[in-house]
Amino acid sequence: MERVYNFAAGPACLPEEVLRRAASELVCYGNSGMSVMEMSHRSHDFEEIIDKAESDLRELMNIPDNYKVLFLQGGASLQFAMVPINLMAKFSRVHFINTGMWSKRAISEANKIGEANVVASSEDKTFSYIPKLKKEMFTKDADYVHMVSNNTIYGTRYTKIPDVNGLPLVSDMSSCILSEAVNVSDYALIFAGAQKNMGPSGVTTVIIREDMIGKEPDNTPTLLSYKTHAQHGSMYNTPPTYAIYILGLVLEWLKGKGGISAINKINQEKAKMLYDFLDESKLFKGTVRKEDRSLMNIPFITGNADIDKQFIEEAKKNGFVNIKGHRSVGGMRASIYNAFPPEGVKALVDFMKKFEANA
Ligand code: PMP
């Protein structure tokens, strides 16, 4: 069977070159005589794999030396708990910007550890925009600020980093990491589940400034402490070895593409193709305020649930799969992460034009 255009929000499509390389190395990796899946995480071969993944990520994101890179398990969702456990050290309080379901889940976890104070929210309009923020909202009586850089479900993104009044800033970059340049020094901690822009599910990347490590209470379970993972190079226990190996291949692929600025240019072009069409279409329309539009997740609707359903069905028959919107919002959503090919976006727009002409 031919490969389809897979618009899934995550796990999402991976670069075909990466899949083919992994296939060629699946049974026997290098001179090891075994698969990466069969290797000890303490072996020389695997140490090389994890070290290279870390150094490529540092190079791509320009991560300063005073930050640790951790490869953890438990998904981005475990970070909703680990961040407050480790960072709510002084005030037991965190300022949140509520921009959707992944903020709400994090708020709920933070409220189990201390107090989550929501300073701004876009819930009044189904999270279709990023709230306007003022420095004064971020009073000094909180340990940190939590934001979600790109909102996978609603398709919004911050186009500039908020001024959080000098507080440590934590960002969930699960659905935009590596898609555009960020200045890592602006953040105290960045986390991202890999399964959108970095690799397969099973590994979560945490980039943490060193002074944020070691603030957790003494009774914190060992695996929930950043200190444990930082001290052991993400190898206190068995890390998700195969997922880290694929993540490494994705990073190599991205370097080969020219890095983040080069892929960002392509991402801008891909998103523009679809947004331009949505802006001129009489049938389809985007759901997000223009200035807050995501480059990675593009939700759209026709305004008629029956036509949406018909569109999703016909799209699938034509090789455009996983284009249904999240169950909480309906409509359609095209997730077009780094690995999604520009020709797939063009093909989708052509298909949408044809569908509209026949509607
Ligand atoms: N944050 C964001 C922005 C997400 O998009 C997702 C998953 N879609 C999560 C967190 C949760 O990630 P996980 O399933 O890895 O726990």
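Quantities reported herein were computed from a predicted structural model and do not represent experimental measurements.

**Q** I tried to follow the sheet that holds strand β8 (residues 169-172) on my own but got confused; where do I start?
**A** Think of a sheet as strands paired side by side through backbone hydrogen bonds, with each pair either parallel or antiparallel. Strands sit in the order β2-β10-β9-β8-β5-β3-β4 across an open sheet of 7 strands; the sheet is mixed. The open sheet terminates on both sides in strands that have one partner only, identified here as β2 (67-72) and β4 (115-121). Each neighbouring strand pair of the sheet contributes to a mean axis angle of 20°, computed without reference to strand direction. Relative to β8, strand β5 (residues 144-148) runs parallel, the two sharing 4 bridges. Directly across from Val145, in β8, lies its bridge partner Leu169. On the sheet, helix α2 (residues 44-61) packs against β2 and β10 (204-209) and is oriented at approximately 130° with respect to β2.

**Q** What's the story with the sheet that holds strand β14 (residues 332-335) in this structure? I'm lost.
**A** Ordered by their spatial adjacency, 3 strands build an open sheet running β11-β12-β14, and the pairing between neighbours is antiparallel. Of all the strands in the sheet, just β11 (285-286) and β14 have a single pairing partner and so form its edges. With 2 bridges joining them, β11 and strand β12 (residues 297-301) adopt antiparallel strand pairing. Among the inter-strand pairings, Gly286 is bridged to a residue of β12, identified as Phe300. Sheet contacts for helix α7 (residues 259-280): β11, β12 and β14; angle to β12, the most-contacted strand, approximately 15°.

Thresholds, definitions, all that
Residues numbered from 1 in each chain as written. Predicted model: local features only at pLDDT ≥ 70, side-chain atom pairs only at ≥ 80, totals over all residues. Heavy atoms only, no water. Pairing = 2+ DSSP bridges. Helix = DSSP H or I, 4+ residues; strand = E, 2+ residues; numbered from the N terminus. Axes fitted to C-alpha atoms, helices over the stretch in contact; angles between N-to-C directions. Contact = heavy atoms within 4.5 Å.

Scope: geometric values only; no functional claims are made or implied.
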